[in-house]
Amino acid sequence: MNKQKIKPVLLVTKTDVLNDPDKFEYYMEAMPTERIEKIEKYKRKEDKNMSLAAFALLQLALADIGIEKNALEIVYGENQKPYLKDLDIYFNLSHSDNVAACVLSSYETGCDVEHADPNRMMIAKRKFCKEEYEMLLKENDETAQNKLFSRIWTVKESVLKTLGTGLTLPLNSFNVSFDTDEIHVVSDKITTNLYFKEYDIYDGFSLSCCSTDRCG
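For clarity, every value in this text was computed on a predicted model and none was experimentally measured. (Residues numbered from 1 in each chain as written. Predicted model: local features only at pLDDT ≥ 70, side-chain atom pairs only at ≥ 80, totals over all residues. Heavy atoms only, no water.)

### A word on the sheet that holds strand 9 (residues 195-200)
Stage number 1. With antiparallel pairing, 3 strands are arranged side by side in an open sheet as 6-10-9. The sheet terminates laterally at strand 6 (109-115) and strand 9, the two strands that pair on one side only. Averaged over all neighbouring strand pairs, the angle between strand axes comes to 15°, with direction disregarded.
Stage number 2. The pairing of strand 9 with strand 10 (residues 205-211) spans 6 bridges and is antiparallel. Bridge assignment links Tyr-195 to a residue of strand 10, and that residue is Ser-211.
Stage number 3. The strands touched by helix 6 (residues 142-163) within the sheet are strand 6, strand 9 and strand 10, with strand 6 carrying the most contacts at an inclination of about 155°. (Pairing = 2+ DSSP bridges. Helix = DSSP H or I, 4+ residues; strand = E, 2+ residues; numbered from the N terminus. Axes fitted to C-alpha atoms, helices over the stretch in contact; angles between N-to-C directions. Contact = heavy atoms within 4.5 Å.)

### Structural notes on the sheet that holds strand 5 (residues 99-105)
Stage number 1. On the basis of which strands lie adjacent, the open sheet formed by 3 strands has the order 1-5-4 and antiparallel pairing. On the outer flanks of this sheet lie strand 1 (9-14) and strand 4 (90-96), each paired with one strand and no other. If you compare each strand with its neighbour and ignore which way they point, the axes differ by 10° on average.
Stage number 2. Bridging between strand 1 and strand 5 involves 6 bridges; their strand directions are antiparallel. Each residue of the ladder has a partner; that of Leu-10, found in strand 5, is Val-103.
Stage number 3. Against the sheet, helix 3 (residues 45-64) contacts strand 1, strand 4 and strand 5, and its axis sits at roughly 30° relative to strand 5.

### Thoughts on the pattern of salt bridges
Side-chain pairs of opposite charge can arise whenever the charged atoms involved come near each other.
Stage number 1. All chains considered together, the criterion is met by 9 salt bridges.
Stage number 2. Here Glu-73 makes a salt bridge to Lys-85, at a shortest N to O gap of 3.7 Å. Separated by 12 residues along the polypeptide, Glu-73 in the loop between helix 3 and strand 2 (74-76) and Lys-85 in the loop between strand 3 (82-84) and strand 4 bring together distant segments of the chain.
Stage number 3. You can call Lys-85 partly exposed: its relative accessible area is 38%.
Stage number 4. With its nearest N and O atoms 2.7 Å apart, the salt bridge here joins Glu-198 to Arg-151. Of this pair, Glu-198 sits in strand 9 while Arg-151 sits in helix 6, and the two are 47 residues apart along the sequence.
Stage number 5. Take Arg-151: its relative accessible area is 24%, and that puts it in the partly exposed class.
Stage number 6. Within this structure, Glu-114, Asp-117 and Arg-120 form a network of salt bridges that share partners. (Salt bridge = Lys/Arg side-chain N within 4 Å of Asp/Glu carboxyl O. Buried < 20%, exposed > 50% of the residue type's maximum accessible area, 1.4 Å probe, protein only.)

### Some remarks on the layout of surface pockets
If a probe the size of a water molecule is rolled over the atoms, the empty space left behind becomes visible.
Stage number 1. Its volume calculated, the largest pocket comes out at about 800 Å³.
Stage number 2. Residue lining of the largest pocket: 30 residues in total, with Arg-35, Lys-38, Tyr-76, Gln-80 and Pro-82 positioned closest to the centre.
Stage number 3. Among the secondary structure elements, those contributing two or more residues to the lining of the largest pocket are helix 2 (33-41), helix 3, strand 2, strand 4 and helix 6.
Stage number 4. In the lining of the largest pocket, the residues fall into 11 nonpolar, 9 polar and 10 charged.
Stage number 5. Of the voids in this model, the second largest pocket is the one considered here, and its volume is about 440 Å³.
Stage number 6. Lining the second largest pocket are 21 residues, with Glu-182, Ile-183, Leu-194, Tyr-195 and Phe-196 sitting closest to its centre.
Stage number 7. Looking at the lining of the second largest pocket, the elements that each hand over two or more residues are strand 8 (183-186) and strand 9.
Stage number 8. Grouping the amino acids of the lining of the second largest pocket by side-chain chemistry returns 8 nonpolar, 6 polar and 7 charged. (1 Å grid on protein atoms, 1.4 Å probe; cavity = no way out; pocket = protein on both sides within 12 Å on 5 of 7 lines; lining within 4 Å. Points joined across faces, edges and corners; volume = space filled by probe spheres on them. Nonpolar A, V, L, I, M, F, W, Y, C, P; charged D, E, K, R; others polar.)

Spatial relationships are all this shows, so hold off on functional conclusions.
Next comes the structure, spelled out in structure tokens:
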């Protein structure tokens, strides 16, 4: 099958709009059975909203390129990475707090959204590379430090999602650094060329996308 080239699509939404029961039911009616079962397993309303919103964004993104939701079938590859069956189109979903995101591309891709919560330095010390932890320590302002943590975290997560490794590739096995125009990832465990984009979305949130294609 020839690869269907599509313009990359990124959709983001606040999920608290689904606190409206009518809106929640409207989108639930369009969900496949597997997703409904997943949503219903969540106890908290906020988690139900995030799961529902992320998949609804995928349906909307596919509709933009002419693929109807009733033709949507997801299969799972190595490490349970999801794929669209019989389509050369790749996607990834992410959510954090009350924000959900979906990226769609002709190339392997991953996205991650994260709220810049405080008190993350212990996590950084345990899970990040020494160089990343030291970069965080140089930030004297707590708000800037939280933002930088979120940037590093979302880039790392987008890498794992793009490569489909899950945590079999530890977060501290590759180093993330930033300059004016580019994001750099250094690791002897990653041989694939990776390209990144960051987005300013809602206040307090970081969003990073990774792709195996520069335009993806």
